[in-house]
Amino acid sequence: MSTYGYGRTSCTDQNEDRQVIKFYEIGIPPRNMFIDKQSGKDFQRTKYKKLMAKLKAGDLLYIDSIDRLGRNYEEIQNQWRLLTKEMHVDIIVIDMSILDTRQHKDLMGTFIADLVLQILSFVAQNELENIRKRQADGIAAAKAKGIKFGRPEKELPANFGELIAQWERGEIPTKKIPALCNMSLSTFYAKVREYKALHTIEKQ
């Protein structure tokens, strides 16, 4: 039997140390710790897939909390059944002692554990939806204040119009344009269209 720890943080700027420390305290070797820095919306995660490839019947898997496993209600349920019923792996949720599949194997214990799992996975998904709503509200509020998202617009060279004219006359080879304008060729083409459209409007 091998013991593993699976952890997850939602994005690259979150710190997974708290989960890793708990795994160390339990005695899980570093080679058996799998930490993803990805959203919990599904299970298409690099480290989770590697973990699944290693797990065998009789192994023990620790997770810090059910939302570290995932945040999709149905997929959490499906993965739990896959791990425990089909792969015969035991799971311990550290912050919820009743979710320890080594125990409570009688009918009542199983019923209670399943009920707790359903409630926690529902809460995990509900929190994900709340996070998305807060993000959308925050972005909408920022846009209303004039805050722009994405890469800043590249400034056009002061002589952009003349560069276009020289390029169209064949005086500047296409392959030299990106360096002269400090932009990729695809961006140059897009800026040419914008420039011409703007100056056509100005002439009308």
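It should be noted that the structure appears before, not after, this text.
So, here's what we can say about the structure. As the structure is a computational prediction, the values presented were derived from the model and not from experiment. (Residues numbered from 1 in each chain as written. Predicted model: local features only at pLDDT ≥ 70, side-chain atom pairs only at ≥ 80, totals over all residues. Heavy atoms only, no water.)

Each helix and strand counted, the protein chain has eight helices and four strands in total. Starting at the N terminus and ending at the C terminus, the protein chain contains elements arranged as β-α-β-α-β-α-α-β-α-α-α-α. Expressed as a percentage of the 204 residues in the protein chain, the buried residues total 34%. Residue pairs in contact within the protein chain that sit at least 24 positions apart in sequence constitute 62% of those at least 6 positions apart. About 13000 Å² of surface is accessible on the protein chain, with carbon and sulfur atoms providing 54% of the total. (Helix = DSSP H or I, 4+ residues; strand = E, 2+ residues; numbered from the N terminus. Buried < 20%, exposed > 50% of the residue type's maximum accessible area, 1.4 Å probe, protein only. Contact = heavy atoms within 4.5 Å. Areas by Shrake-Rupley, 256 points an atom, 1.4 Å probe, with all protein chains shown as cover.)

Let us now look at helix α6 (residues 160-168). For α6, the complete set of buried residues consists of Phe160, Leu163, Ile164 and Trp167. Projection of α6 onto a plane perpendicular to its axis shows the buried side chains occupying an angular sector of 100°, all on one side. Phi for Gly170, located one or two positions after α6, is positive at around 85°. (Arc of directions from axis to C-beta.)

This part takes up the packing of aromatic side chains. Here the structure, examined in full by the defined rule, presents eight aromatic pairs. Between Phe160 and Phe188, the ring centres sit 5.9 Å apart and the planes meet at 80°, which makes this aromatic pair edge-to-face. Of this pair, Phe160 sits in helix α6 while Phe188 is found in helix α8 (residues 185-203), placing the two residues 28 residues apart along the sequence. On the basis of relative accessible area, Phe160 is assigned to the buried category, the value being 1%. (Phe/Tyr/Trp six-rings, centres within 6.5 Å; stacked < 30°, edge-to-face > 60°.)

Covered by surrounding structure in strand β3 (residues 60-63) are Leu60 and Tyr62 together with Leu61 and Ile63, the residues of both alternating faces. One ladder, built from four bridges, connects strand β1 (residues 3-9) with β3; its direction is parallel. Counterpart to Gly5 in the pairing with β3 is Tyr62. With four bridges joining them, β3 and strand β4 (residues 90-93) adopt parallel strand pairing. Residue pairing across strands places Ile63 opposite Val93, the latter belonging to β4. (Pairing = 2+ DSSP bridges.)

Strand order across the open sheet formed by four strands is β2-β1-β3-β4, with parallel pairing between neighbours. If you trace the sheet from one side to the other, it starts and ends with β2 (33-37) and β4, each paired once. This sheet shows a mean twist of 20° between the axes of neighbouring strands, independent of strand direction. Sheet strands touched by helix α1 (residues 17-26): β1, β2 and β3. Its angle to β1, the strand with the most contacts, is close to 170°. (Axes fitted to C-alpha atoms, helices over the stretch in contact; angles between N-to-C directions.)

Let us now look at helix α2 (residues 46-54). All buried positions along α2 are accounted for by Tyr48, Leu51 and Met52. Here the buried residues of α2 occupy an arc of 100° about the axis, which is enough to place them on one side. For α2, the secondary structure elements touched by its buried residues are β1, β2, β3, α3 (66-69) and α4 (73-86).

In this structure the tally under the stated criterion is ten salt bridges. Residues Arg18 and Asp64 are paired through a salt bridge, measuring 2.7 Å at the closest nitrogen-oxygen approach. Here Arg18 is found in helix α1, whereas its partner Asp64 is found in the loop between β3 and α3, with 46 residues between them in sequence. Here Glu162 and Arg169 are joined by a salt bridge, their closest N and O atoms 3.5 Å apart. What you see here is one network of salt bridges that share partners, running through Arg18, Lys22 and Asp64. (Salt bridge = Lys/Arg side-chain N within 4 Å of Asp/Glu carboxyl O.)

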